[in-house]
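Per-entry structural report
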Amino acid sequence: MRSQSKMALPVRTNMKHLFRFIHKFNSPKRFLCSAACTRNKEPSGGGRVFSGIQPTGVPHLGNYLGALENWVALQNQYPSVLYSIVDLHSITQHQDPAQLRSNILDMAASLLACGIDPERAILFQQSQVSEHAELSWILGCLTSMPRLRHLPQWKMKSKLKNEGSVGLFTYPVLQAADILLYKSTHVPVGEDQVQHLELAQDLARIFNNRYGDLFPEPGALLSSTRKVKSLRNPSAKMSKSDPQTMATISITDSPDDIALKVRRAVTDFTSEVTFDPETRPGVSNLVTIYAAMAMISVEEAVSQAGELDTAAFKKLVTEAVIQRLAPIREEIERLRSDRAHLEAVLARGSCRARELAAPVLREVRQRVGFS
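Cut-offs and rules
The written sequence of each chain sets the order in which its residues are numbered from 1. Confidence filtering applies because this is a predicted model: local features only for residues at pLDDT of at least 70, side-chain atom pairs given and counted only at 80 or more, and all residues used for totals across whole chains, interfaces and linings. Side-chain metrics in this entry use all non-hydrogen atoms of the structure; hydrogen atoms and water are not considered. When a residue's accessible area, from a 1.4 Å probe over protein chains only, is under 20% of the maximum for its type it is buried; when over 50% it is exposed; and in between it is partly exposed. Starting at the N terminus, helices and strands are each numbered in turn, a helix being any DSSP run of H or I of at least four residues and a strand any DSSP run of E of at least two. In this scheme, strands are said to pair when DSSP sees at least two bridges between them. A clockwise path from the first strand over the helix to the second, with the strands pointing away from the viewer, defines a right-handed crossover. Criterion for a salt bridge: a side-chain nitrogen of Lys or Arg within 4 Å of a carboxyl oxygen of Asp or Glu. What a helix is expected to span follows from its residue count: subtract one and scale by 1.5 Å. The term nonpolar core refers to a set of buried residues drawn from Ala, Val, Leu, Ile, Met, Phe, Trp, Tyr and Cys, joined through side-chain atoms within 4.5 Å. Domain borders in the structure are assigned automatically or taken from a domain database. Only heavy atoms enter the contact rule, under which two residues are in contact if any of them lie within 4.5 Å.

1. Some thoughts on the pairing of strand S2 (residues 80-85)
Burial analysis of S2 places 6 of its 6 residues in the buried class, the great majority of the element. Here S2 shows a buried face lined by Ser 80, Leu 82 and Ser 84 and a second buried face lined by Val 81, Tyr 83 and Ile 85. In this sheet, S2 lies alongside strand S1 (residues 48-53) in parallel orientation, the contact comprising 6 bridges. Within the sheet, the bridge partner assigned to Ile 53 lies in S2 and is Ile 85. For the crossover from S1 across helix H2 (residues 61-74) to S2, the handedness is right-handed. Bridge count for S2 against strand S3 (residues 122-125) is 4 bridges, and the pairing is parallel.

The following block contains the structure:
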């Protein structure tokens, strides 16, 4: 949850020293997976949260505000939290192997720099926990093809490719397996992912009805954050795959890059700053970004704009974005230079995830009749 303040930008602690302390405390040796990993506690009344993110390298501003900020907050709200870098999902599109390996570590560095704490959340690489793939096959055998055919992601992406792969078609089943494997009770999702979560709920019911109660039906944790739009086309969401380089702010962009992208952001011919997403999407997008980065409400953001025209308001937006992203960018660069630490964090996270996944899959195998 964001705290609200009447100040344009809140006074912040010296994040650089804090990050260094965290890094010192979380030395690589702490994350090496030995024969006996630290045991995970089952959720004690508050439930278990699971979410995943594809290893697309460094996240952009929309990822940060739409998901990662919320992920950090959830660490303090639930007793058991798992965040997975879902590399199995990523290969539904062709991936260069060397680039994929690099992207996985870049994503790990980004998540840590944004505030994911591997002491409070299990951060792991999906492909290193083979139970995901096996449960996905079992659940796939309980899923009809018409059910998958009507999901929005398949309809959209298969049209773009003229035909899609089997992996793309069954992608939502693997998503369901990711969630159910840990008996997750809560899943933070955007509105565009609700139908995929409904498939996980349906598969939990189908499995439970056929083989006896095992999986809870996971509930959605809808983020209250407004979607960040493309700076060049505010009718579309911000995306790393956008061919226009000025459309997307990466969380590792330099202050000069951020200033240039915001300065060139599409607005309109009215100089007044207002929030009206329907008729003034470009200006409204900047208001959304400023409010989120300054941790104030949209109404306060418009009020602070006061008599500023859109050009002057863009400078205010730029300052807010630079101030919030600067310590994150610096920490990502520091973590990138310590590959062994990142690999150790993921290794220990994968070990902890397997400790939770293995007994669930053993129970599934027994109920299905494999053992």
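2. Quick word on the pattern of salt bridges
If you walk through the whole model with that rule in mind, you get 14 salt bridges. Linking Glu 134 and Arg 365 is a salt bridge whose minimum nitrogen-to-oxygen distance equals 2.3 Å. Highlighted residues: Glu 134 in helix H5 (residues 131-140) and Arg 365 in helix H14 (residues 339-368), separated in sequence by 231 residues. When its relative accessible area of 27% is taken as the criterion, Glu 134 is described as partly exposed. The salt bridge partner of Arg 336 is Glu 333, with a shortest N-O separation of 2.8 Å. Residue Arg 336 and its partner Glu 333 are both found in helix H13 (residues 310-336); the two are separated by 3 residues, about one turn of the helix. A relative accessible area of 33% places Arg 336 in the partly exposed class. Given the relative accessible area of 41%, Glu 333 is considered partly exposed. Salt bridges sharing partners connect three or more residues here, namely Arg 147, Asp 202, Arg 205 and Glu 217.

3. Comments concerning helix H9 (residues 194-211)
Taking 1.5 Å as the rise per residue, H9 with 18 residues should run 26 Å; its terminal C-alpha atoms sit 26 Å apart, in good agreement. Two residues or fewer past H9, Gly 212 is found with a positive phi of approximately 100°.

4. Topic: the nonpolar core
Soluble globular proteins tend to pack their nonpolar side chains together in the buried interior. Judged by nonpolar contacts, the single largest core of 61 residues is most densely connected at Leu 111, Tyr 290, Phe 313 and Leu 325. Of the residues forming this core, the biggest block, 10 residues, is contributed by helix H4 (residues 97-114). Residues lining this core come from more than one domain, with at least three contributed by each of domain 1 (48-226 + 339-368) and domain 2 (245-336). What Leu 325 contacts, discounting residues up to four positions off in sequence, is Leu 61, Ile 249, Ser 250, Ile 251, Ile 258 and Met 293. Residues Ile 122, Val 129, Ile 138 and Val 173 belong to the second largest nonpolar core, which totals 35 residues.

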